[in-house]
Amino acid sequence: MGSFFKDCGCARPTRCPHPYTVRFRNGLGKQVEEGGFTTQDDAIERRTQIYVEKKRTAPSVAEARRELGQKTVLGTASPAATLSPEASCHT
Ligand SMILES: [Zn+2]
């Protein structure tokens, strides 16, 4: 599973208002970060969702996505796109 953290650099990041970032490996084995989670619960929920999605993805599907992903992921991924479950279905 991935991890979550704050990259704001505050002395007491557990109490500051900055959002959490989740870091995980996607179905392509690529390390991805998603930011903008207001609370730790949100970050944990997203991390769990990613884990479940990865378990559901059949190896053959992951392979097809890997081939597609090499053409589309580089340079085109935006935080908004990676946050949307719908968008991730098309990559
Ligand atoms: Zn902070």
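Preceding block: the structure.
These numbers were taken from a predicted model, which means no experiment stands behind them. Counting restarts for each chain, with residues numbered from 1 along the sequence as it is written. Residue-level local features of this predicted model are given only where pLDDT is at least 70; pairs of side-chain atoms are given and counted only at 80 or more, and the full residue set underlies all totals for whole chains, interfaces and linings.

J.: For the overall build of the protein chain, give the residues involved together with the corresponding values.
T.: When you go through the protein chain residue by residue, the secondary structure sums to four helices and three strands. Every C-beta atom is placed from the backbone, and the number of other C-beta atoms within 10 Å of a residue's own sets its class: buried at 20 or more, exposed at 12 or fewer, partly exposed in between. Split into buried and exposed, the 91 residues of the protein chain put 11% on the buried side. By the convention adopted here, residues are in contact when the distance between their C-beta atoms, placed from the backbone, does not exceed 7 Å. Here the analysis covers contacts within the protein chain between residues at least 6 apart in sequence; of these, 33% occur between residues at least 24 apart. Each helix is a run of DSSP H or I of at least 4 residues and each strand a run of E of at least 2, with the numbering of both proceeding from the N terminus.

J.: I'd like to hear about the environment of valine 32, residue by residue, with values.
T.: Among the structural elements, valine 32 can be located in strand S3 (residues 31-37). Judged by local crowding, valine 32 falls into the partly exposed class, with 17 C-beta atoms found within 10 Å. Residues valine 32 and valine 22, spaced ten residues apart in sequence, show a C-alpha to C-alpha distance of 8.2 Å.

J.: So what's going on with the nonpolar core? Which residues, and what values?
T.: Structurally, a nonpolar core is described as a collection of buried Ala, Val, Leu, Ile, Met, Phe, Trp, Tyr and Cys residues joined by way of C-beta atoms within 7 Å. Listed in full, the five residues of the largest apolar core are Phe4, Tyr20, Val22, Phe37 and Ala43. Other than its neighbours up to four places away in sequence, alanine 43 contacts Phe4, Tyr20, Val22 and Phe37.

J.: Describe the sheet that holds strand S1 (residues 3-5), listing the residues and the values that go with them.
T.: Pairing between strands requires that DSSP locate at least two bridges from one strand to the other. Spatially, S1-S2-S3 is the arrangement adopted by the three strands of the open sheet, whose pairing is antiparallel. With one partner strand each, in any of the chains shown, S1 and S3 form the two edges of the open sheet. Going from strand to strand, the sheet's axes swing by 25 degrees on average, the running direction of each strand aside. As judged from the three bridges shared by S1 and strand S2 (residues 20-25), these two strands associate in the antiparallel manner. Throughout, an axis means a line fitted to C-alpha atoms (over the contacting stretch in the case of helices), and angles, computed between N-to-C directions, take values from 0 to 180 degrees.

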